[in-house]
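Spelled out, the chains give:
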Amino acid sequence: MAGFGRKLMALVIDWFACILLSRLLFGQFAYGSNESGAVVLILFAGEVPLLTWLIGSSFGQRLLGLVVVRTDGGRMSLWRAALRTLLICLVIPAVVYDADGRGLHDKAVDSVVIRTR
């Protein structure tokens, strides 16, 4: 299973990638404004579940060699990936975790993040 530090770094990479993308696509919104923040959150909420469903990991997770799978080893469905991401966006479920390092967002959709390298 992936450690907390690696998962946190993947989240930071994903967030900064969404910030950069928002600046490229929606430069008319001042950085730090409510509009800019909303765009970043929407991009994040779209990127993470889509890539998790399609390739098993978000952009940041892929860079760090992490994959999200169901606890039985199967692929994540789109609805599971979307619910998992929604819970990450709510923050609290992502920072409350058990001794195995699985957050409430992972427990809710029966997933686990593992290292591939």
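The structure we're discussing is the one just above.
Predicted model, so just to flag it, every value in this text is computed and none were measured.

Q: Even after reading the chapter, I still don't get the overall build of the protein chain, so can you show me in this structure?
A: What the protein chain contains, in helices and strands, is six helices and two strands. Sequence-ordered secondary structure for the protein chain, helices as α and strands as β, is α-α-α-β-α-α-α-β. Against the globule reference of 13 Å for 117 residues, the protein chain gives a C-alpha radius of gyration of 14 Å, in line with a compact fold. With the principal axes as the frame, the protein chain shows a C-alpha extent of 45 × 25 × 25 Å. Across the 117 residues in the protein chain, those meeting the buried criterion constitute 37%. In the protein chain, the proportion of contacts linking residues at least 24 apart, taken out of those at least 6 apart, comes to 59%. When the accessible area of the protein chain is evaluated, it comes to approximately 6600 Å², of which 69% is carbon and sulfur surface.

Q: How should unusual backbone geometry be read in this particular structure?
A: Glycine aside, residues mostly have negative phi angles, and peptide bonds mostly take the trans form. Phi at V91 takes a positive value of approximately 70 degrees, unusual for a residue other than glycine. One can find V91 in the loop between α4 (78-89) and α5 (92-95). Positive phi outside glycine occurs at D110, with the angle close to 60 degrees. Relative to the helices and strands, D110 resides in the loop between α6 (104-109) and β2 (111-115). By relative accessible area, D110 is classed as partly exposed at 35%.

About the thresholds
Residues numbered from 1 in each chain as written. Predicted model: local features only at pLDDT ≥ 70, side-chain atom pairs only at ≥ 80, totals over all residues. Heavy atoms only, no water. Helix = DSSP H or I, 4+ residues; strand = E, 2+ residues; numbered from the N terminus. Rg over C-alpha atoms; globule rule 2.2 N^0.38 Å. Buried < 20%, exposed > 50% of the residue type's maximum accessible area, 1.4 Å probe, protein only. Contact = heavy atoms within 4.5 Å. Areas by Shrake-Rupley, 256 points an atom, 1.4 Å probe, with all protein chains shown as cover.

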